[in-house]
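Residue-level structural notes
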There are 2 protein chains.
Amino acid sequence: MIKVIKIGGNVVDNPEKLSRFLSDFAALEGDKILVHGGGKIATAISKSLGIETQMIDGRRVTDAPTLQVVTMVYAGWINKSIVNRLQTLGCNALGLSGADGRLIVSQKRAASPVDYGFVGDPIPEKFGIRTAQTLIEGGFTLVVAPITASEAGDLLNTNADTVAQTIALGMSAIDEVELVYCFEKAGVLLDVNDETSVLPEITPAYFAELKAQGIVSEGMIPKLENAFKAIAGGVRSVVICNAEMLSQPGYGGTTLRNK
Amino acid sequence: MIKVIKIGGNVVDNPEKLSRFLSDFAALEGDKILVHGGGKIATAISKSLGIETQMIDGRRVTDAPTLQVVTMVYAGWINKSIVNRLQTLGCNALGLSGADGRLIVSQKRAASPVDYGFVGDPIPEKFGIRTAQTLIEGGFTLVVAPITASEAGDLLNTNADTVAQTIALGMSAIDEVELVYCFEKAGVLLDVNDETSVLPEITPAYFAELKAQGIVSEGMIPKLENAFKAIAGGVRSVVICNAEMLSQPGYGGTTLRNK
């Protein structure tokens, strides 16, 4: 069994939360892979460098200078800071981008109808399973930054949720995989205003029911649909939880299963 | 036999030189490790970010903001750009800092008499031989950025020449090692103004003679002394050459040997 755990910018941006999370992560038994998001440092550095952030329909455009900044920040500063911290916690961490050992090959997004620049969508069939397997069997805990590369040789800014899902799907060919998304809430809530109303488990049938009753929030629906796609693709379970709960059984979150 | 090849900032800063060098590097037969220096991008980015470069006796002080910049630039942008380029050339590159898999553990330099900040000197006995061996046997060509980490958990800015030497010495415990320093000149020159006057081979005895005759330039003496230390420590040979000559036999440079 291998755990693929994704943390977002909200954890990366908060030194105290990150430190606590990394202690809990280091203490987890068994094989594990950490995928980290970007955080606000990249935006702050872009601003200081005088790079204008272009947005189209609420989405950031990754032009060449922005690509340089996110590669520096995600694959450089954040990745190495996390690796270094895990090493001091006794976890044999090794940091990677998707370019390293061609772990994650992406397709540069088409320039029309909207040109988002150097942004890539992972190609699941091209997942670097040999790279992953060799490194895991070698005793390393992989720490993956959301920068990938196309076969043509472009580095590409990539959504960290998708990176985590691609790794989970890829690894499911050779192992049982638990995919864990850490986010701001404790899990999928029955009542969006009550953090204690976490639904411990959701099956596809129950999900359909929740949607029909309008219980799942708009923002949560695509997240859950993606999670069920991963399960349909071979991932054993997907957990949605709060990063602060990693030391708890079931991470105090919502587990999605195909039964 | 394994080659440990170091390129400096002069190659990293020049896209055309770098591209040519990487093609030649990718074409080299056998196991190889690339160590890259920093280049001027870090200085330019520091300046844009309004970070003042503090110098003491001609040496840069690595304060906390500067450490962040060099980690971003060296271990992020430069490292991933090189890895990605090598992958497109069919070379299975994997990028690392010294923190990854604890490849290179450093001692933070003492704060007195001069406090250079977050600067580290590698501890040869703590070289991550298992990490290196596992990755090389796994089929990866390592690309190493000159950022290392102390056991206490500080990321540290580190001289790339020293990183290359530490790797060469460490690897010599399990393999024959050729250490190659690429720099601006064709090699050690008999006449400093004549690029064709390369001395093809220097032994310790010949080096003593050259020094006595005042033939070796001031700047070259510590480089050669370090090289002979590496040889005394178990490295089979050290080559000093121009990065543009990597496809030539003996790299058209000067080979130092212990005989």
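Above: the structure in question.
Conventions used here
- Residues numbered from 1 in each chain as written.
- Chains lettered and ligands numbered in written order.
- Predicted model: local features only at pLDDT ≥ 70, side-chain atom pairs only at ≥ 80, totals over all residues.
- Heavy atoms only, no water.
- Helix = DSSP H or I, 4+ residues; strand = E, 2+ residues; numbered from the N terminus.
- Rg over C-alpha atoms; globule rule 2.2 N^0.38 Å.
- Buried < 20%, exposed > 50% of the residue type's maximum accessible area, 1.4 Å probe, protein only.
- Contact = heavy atoms within 4.5 Å.
- Pairing = 2+ DSSP bridges.
- Axes fitted to C-alpha atoms, helices over the stretch in contact; angles between N-to-C directions.
- Phe/Tyr/Trp six-rings, centres within 6.5 Å; stacked < 30°, edge-to-face > 60°.
- Lys NZ or Arg CZ within 6 Å of the ring centre and 35° of its normal.
- Least-squares fit on C-alpha atoms with pLDDT ≥ 70 in both.
- Buried area = accessible area lost by both parts, 1.4 Å probe.
- Salt bridge = Lys/Arg side-chain N within 4 Å of Asp/Glu carboxyl O.
- Polar contact = N/O pair within 3.5 Å; in protein donor to acceptor, adjacent residues only side chain to side chain.
- Nonpolar A, V, L, I, M, F, W, Y, C, P; charged D, E, K, R; others polar.

1. Quick look at the overall build of chain A
Broken down by element type, chain A carries eight helices and 14 strands. Here chain A has a C-alpha radius of gyration of 18 Å; the compact-globule value for 259 residues is 18 Å, and the two agree. Reported as C-alpha extents along the three principal axes, the dimensions of chain A are approximately 45 × 45 × 35 Å. The buried share of chain A, taken over its 259 residues, is 53%.

2. A closer look at the environment of leucine 67 of chain A
In this structure, leucine 67 of chain A sits in helix 4 (residues 64–88). Assessed through its relative accessible area of 7%, leucine 67 of chain A is described here as buried. The spacing of leucine 67 of chain A and serine 217 of chain A is 150 residues in sequence and 33 Å in space, taken between C-alpha atoms. With sequence-adjacent residues up to four places away left out, leucine 67 of chain A is seen in contact with Thr62, Phe118, Leu155, Leu156 and Asn157 of chain A together with Trp77 of chain B.

3. Digging into the pairing of strand 9 (residues 147–150) of chain B
All names here are of chain B. Neither face of strand 9 is open: one carries Ile147 and Ala149, the other Thr148 and Ser150, and all of them are buried. Here strand 6 (residues 105–108) pairs with strand 9 via two bridges, running parallel. Paired with serine 106 across the bridge in strand 9 is serine 150. Looking at chain direction, strand 9 and strand 10 (residues 155–157) are connected through three bridges and run antiparallel. Across the sheet, isoleucine 147 pairs through a bridge with asparagine 157, a residue of strand 10. Between the end of strand 9 and the start of strand 10, which pair antiparallel, lie four residues, with glycine 153 showing a positive phi angle near 110°.

4. Examining the sheet that holds strand 8 (residues 141–144) of chain A
Residues and elements named next belong to chain A. Across the sheet, eight strands lie side by side as 5-8-2-1-11-13-14-12; this open sheet has mixed pairing. One side of each edge strand has no neighbouring strand; the edge strands of this open sheet are strand 5 (93–96) and strand 12 (201–202). As paired elements, strand 2 (residues 31–36) and strand 8 share three bridges and run parallel to each other. Within strand 8, the position partnered with isoleucine 33 by the bridge is leucine 142. Against the sheet, helix 6 (residues 160–171) touches strand 1 (2–7), strand 2, strand 8 and strand 11 (177–183), its axis set at about 170° to strand 11.

5. Notes on the packing of aromatic side chains
Counted by the stated rule, this structure contains four aromatic pairs over all chains. For the cation-ring pair, lysine 108 of chain A lies above phenylalanine 118 of chain A, with the distance from its terminal atom to the ring centre recorded as 4.6 Å. Over the ring of tyrosine 116 of chain B we find arginine 59 of chain B; its NZ or CZ atom is 5.6 Å from the centre of that ring.

6. Observations concerning the relation of the copies chain B and chain A
Rotating chain B by 180° about the axis while translating it 0.0 Å along that axis superimposes it on chain A, leaving an RMSD of 0.0 Å. Classification of the inter-copy transformation places it as that of a two-fold axis. Judged by C-alpha distance, glycine 76 of chain B is the residue of chain B that lies nearest the rotation axis, at 1.8 Å.

7. Quick notes on unusual backbone geometry
Residues and elements named next belong to chain A. With omega at 5°, the peptide bond leading from serine 112 into proline 113 counts as cis. Mapping proline 113 onto the fold places it in the loop between strand 6 (105–108) and strand 7 (120–122). Despite not being glycine, arginine 102 shows a phi value in the positive range, around 45°. Position of arginine 102 among the secondary structure elements: in the loop between strand 5 and strand 6.

8. What about the interface of chain B and chain A?
Tallying the contact residues gives 40 residues for chain B and 40 residues for chain A. Taking both sides of the interface into account, the surface hidden between chain B and chain A amounts to around 3000 Å²; carbon and sulfur atoms contribute 68%. Put simply, chain B and chain A have two salt bridges between them. The partner of aspartate 100 of chain B in a salt bridge is lysine 80 of chain A, with the nearest N and O atoms 3.0 Å apart. Across the contact surface, chain B and chain A share eight residue pairs in polar contact (both at pLDDT 80 or more). For the side of chain B that touches chain A, the secondary structure elements donating two or more residues are helix 3 (41–48), helix 4 (64–88), strand 5 (93–96) and helix 5 (129–137) of chain B. The element contributing the most residues to the side of chain B that touches chain A is helix 4 of chain B, with 14 residues. Across the side of chain B that touches chain A, the residue classes tally to 18 nonpolar, 16 polar and six charged.

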